[in-house]
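Here are the chains, one letter per residue:
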Amino acid sequence: MEEYFNGLLREVEQRMATTAADMDGKEVIGACREMVSYLRGKNRELKEYALSHPFAEDAKEILYFKYYKPALTGRLLYYYRVYQIESGCPGYLHAAEPYYRKAVERAERMMERYLPFYQYYHSGATYRDSYYFLRTKGELSPESGSFVLDEDGEFSTGYDVLAARLISVEMLLVHLSRRIERAAQGTDMEAVREKEHRWTDTKIAAIQLVYGIYATGSVDEGNAEIGELAALFEKFFHVELGNVYHAFGRLRGQQNPTAFLDEMKEKLLKKMRDMDSK
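All of these numbers come straight from a predicted model, not from anything done at the bench.

Across its full length, the protein carries 11 helices and zero strands. Of the regular secondary structure in the protein, the N- to C-terminal order runs α-α-α-α-α-α-α-α-α-α-α. For the protein, long-range pairs separated by at least 24 residues make up 73% of all intrachain contacts whose partners lie at least 6 apart in sequence.

Here we come to the nonpolar core. Judged by nonpolar contacts, the single largest core of 55 residues is most densely connected at Met23, Tyr79, Phe117, Phe133 and Leu166. Mapped onto this core, the elements with two or more residues apiece are helix H1 (2-23), helix H2 (28-52), helix H3 (58-87), helix H4 (93-113), helix H5 (115-123), helix H6 (129-133) and helix H7 (159-184).

Glancing now at the packing of H7 against helix H9 (residues 226-237). At a minimum axis separation of 9 Å, H7 and H9 run at an interaxial angle of 70°. Taken together, the axes of H7 and H9 are roughly perpendicular relative to one another. As H7 runs across H9, the sense of the crossing is right-handed. Of H9, the residues touching H7 (which contributes Val174, Ser177, Arg178 and Glu181) are Gly227, Ala231, Glu234 and Lys235.

On to the confidence of the model for the protein, then. Close reading of the predicted structure is inappropriate where its pLDDT is low. On average, residues of the protein carry a pLDDT of 84, and 88% of them reach 70 or more. Contacts of residues 146-151 to residues separated by more than four positions or lying in other chains number six contacts, the stretch itself having pLDDT below 50. With pLDDT under 50 throughout, residues 189-194 is counted as low confidence; its partners more than four residues away or in other chains account for 14 contacts.

The subject of this paragraph is the side chain of Ser168. Note on placement: Ser168 falls in helix H7. In terms of polar contacts, Ser168 uses its side chain to reach the backbone carbonyl oxygen of Arg165, at 2.6 Å.

In an α-helix there are 3.6 residues to a turn, and that puts residues three or four apart on one side. With 14 residues, helix H8 (residues 203-216) extends 20 Å between its outermost C-alpha atoms, agreeing within 8% with the 20 Å of an ideal straight helix rising 1.5 Å per residue. Regarding H8, the residues found buried are Lys203, Ala205, Ala206, Ile207, Gln208, Leu209, Val210 and Tyr211. Among the residues trailing H8, Gly217 stands out with phi positive, at a value near 65°.

In this section: a nonpolar patch on the surface. Nonpolar side chains collect at one region of the surface, where Leu232, Phe236 and Phe237 lie side by side and expose about 270 Å² of accessible area between them. When you line up the elements, Phe236 lands in helix H9.

This next bit is on the packing of aromatic side chains. Applying the stated rule across the entire model yields 27 aromatic pairs. Judged by centre distance (6.0 Å) and plane angle (25°), the ring pair of Phe117 and Tyr121 falls under stacked. Of this pair, Phe117 and Tyr121 are both found in helix H5, four residues apart, which corresponds to roughly one turn of the helix. Taken individually, Phe117 and Tyr121 each receive the classification buried, so the pair is uniform in this respect. Cluster of aromatic residues (ring-pair linked, three or more members): Tyr67, Phe117, Tyr120, Tyr121, Tyr127, Tyr131, Tyr132, Phe133 and Tyr159. Looking at Arg15, its charged tip hangs above the ring of Tyr38, at a distance of 4.4 Å from the centre.

Our focus in this paragraph is the packing of H2 against H3. Where H2 meets H3, the closest approach of the two axes is 9 Å, and the angle between their N-to-C directions is 160°. By the angle between their axes, H2 is roughly antiparallel relative to H3. Here H2 runs over H3; the crossing is left-handed. Across the contact of H2 with H3, the residue classes break down as 16 nonpolar, three polar and seven charged.

Here we take up unusual backbone geometry. Within the chain, Asp220 stands out as a residue other than glycine whose phi angle is a positive 55°. Mapping Asp220 onto the fold places it in the loop between H8 and H9. Accessibility expressed as a relative area gives 54% for Asp220, which makes it exposed. Although it is not a glycine, His238 adopts a positive phi angle of roughly 50°. Looking at the secondary structure, you find His238 in the loop between H9 and helix H10 (244-252).

Parameters at a glance
Residues numbered from 1 in each chain as written. Predicted model: local features only at pLDDT ≥ 70, side-chain atom pairs only at ≥ 80, totals over all residues. Heavy atoms only, no water. Helix = DSSP H or I, 4+ residues; strand = E, 2+ residues; numbered from the N terminus. Contact = heavy atoms within 4.5 Å. Core = buried A, V, L, I, M, F, W, Y, C linked by side-chain atoms within 4.5 Å. Buried < 20%, exposed > 50% of the residue type's maximum accessible area, 1.4 Å probe, protein only. Axes fitted to C-alpha atoms, helices over the stretch in contact; angles between N-to-C directions. Parallel < 35°, antiparallel > 145°, perpendicular 65-115°, else oblique. Left-handed = near helix turned anticlockwise from the far one by under 90°. pLDDT = per-residue confidence, 0-100. Polar contact = N/O pair within 3.5 Å; in protein donor to acceptor, adjacent residues only side chain to side chain. Expected span 1.5 Å × (residues − 1). Patch = residues over 30% accessible without salt bridge, like charges linked within 9 Å, V, L, I, M, F, W, Y side chains within 5 Å. Areas by Shrake-Rupley, 256 points an atom, 1.4 Å probe, with all protein chains shown as cover. Salt bridge = Lys/Arg side-chain N within 4 Å of Asp/Glu carboxyl O. Phe/Tyr/Trp six-rings, centres within 6.5 Å; stacked < 30°, edge-to-face > 60°. Lys NZ or Arg CZ within 6 Å of the ring centre and 35° of its normal. Nonpolar A, V, L, I, M, F, W, Y, C, P; charged D, E, K, R; others polar.

Quick look at the structure:
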């Protein structure tokens, strides 16, 4: 399952990368419409694979409903929510900024409402996984939303949907911060493009770099939030980093979570040695 999911997620991220420029321009509504259709198909593929490969143990089921399903569903919800917001955005700049700020307020209220679950989800904790991410519990929780009305309810724990919604909100806040910045500058939503520079290494390498800058407090005397730094990186290097918080959580569990930063240090030192030897 893990190998299949990783391959599926790579396909999705590659498709997201091809639409990254459109998400900042005038084609955002059309791009979102296409991505919603595409991600619906990918969500179906993941579900069909899971149904044809029954979970051998509780740990496998937890992994699916805690990480795999929310990762794809969260991206689907993100594009759909951006589609809704951008479809209703005023066409003149002085009204666009307050419009986007109200959308940010709504998104932040969502995060605040589910803060305990959000903190649990991103902390790497596991002590409530059996309750949150197994379908065996019979009780109904007010936290997990309206999944009981969903036709897919039998293949959901409720909390996998909540995790997906929170992932989508994280991504949405990054998108909205870019739109607010563009509107505040008084420029057209589609920037005049000069020479473009693109990130050509892996996304996980980019996330290590962004978190390294965040950890050292190198921007705005340490007052810049990780979402803001990620948005700046995406803007300047034309890359869609996705859910940086979730990716960082996965990094923490790796044997060498700073592999790119270590490689950067070694190559920089080698460059200096080579220059000194000339």
